[in-house]
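Here is how the chains run, residue by residue.
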Amino acid sequence: MPVPEKPALADENSVEGLEAFTEWWFELLNYAQATNDFEPLWAVTDSGCKTCTNFESFVSQSYDGGGWIVGGDLTIQSFDSSFEPTVDGTTDSYVTTTQDALTVYRQKNAVEEVDAYVEPTVGLAISAYESGTWRMYDYGDIAVTND
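Predicted model only: the values in this text are computed from it and were never measured.

The rules behind these values
Residues numbered from 1 in each chain as written. Predicted model: local features only at pLDDT ≥ 70, side-chain atom pairs only at ≥ 80, totals over all residues. Heavy atoms only, no water. Helix = DSSP H or I, 4+ residues; strand = E, 2+ residues; numbered from the N terminus. Expected span 1.5 Å × (residues − 1). Buried < 20%, exposed > 50% of the residue type's maximum accessible area, 1.4 Å probe, protein only. Arc of directions from axis to C-beta. Contact = heavy atoms within 4.5 Å.

Peer 1: Quick one: what's the story with the environment of Gly-65, residue by residue and with numbers?
Peer 2: Tracing the backbone shows Gly-65 in the loop between α3 (50-63) and β1 (68-71). Linking Gly-65 and Gln-107, residues 42 residues apart in sequence, is a C-alpha distance of 6.7 Å.

In structure tokens:
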């Protein structure tokens, strides 16, 4: 499986550039899940990304002992950003994603875990434009309450 190629627009300091970067970042996330190769994702992601660290741990454990993951790709349904920097200089984007059904296999094709298709979920992507390119600082679902 080839590493997803970075679109030229992803280096532009604009809302369109941020959207292109975010879409590419999700492609890298899907690639990491399918291959257990996190190097391309970490190359454009801050080491403090807690969601990424937790995700890498889940994927690595799934691949331990000859296991593998099928499916589970995240797909962006919508993207929105005011493109206004926050106090710390990052830019927030609201990203609605769906996730395909996911199956984790262990040795000898034993299914360990199956997750169904995940309906659209809104998440917050925290990015910053640094040295001529975007960098992802963190991503996570936004908790919705019915108060």
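Peer 1: Could you give an account of α3, with specific residues and numbers?
Peer 2: For α3, spanning 14 residues, the distance from its first C-alpha to its last is 20 Å, which sits close to the expected 20 Å at 1.5 Å a residue. Taken as a whole, α3 has its buried residues at Cys-52, Phe-55, Val-59, Ser-62 and Tyr-63. The arc enclosing the buried residues of α3, seen along the axis, measures out at 95°, which places them on a common side. Opposite its buried face, α3 presents the exposed residues Lys-50 and Asn-54, each directed more than 90 degrees away. Against α1 (15-35), α2 (39-42), β1 and β4 (102-105) lie the buried residues of α3. Gly-65 sits one or two positions beyond α3 and adopts a positive phi of about 70°.

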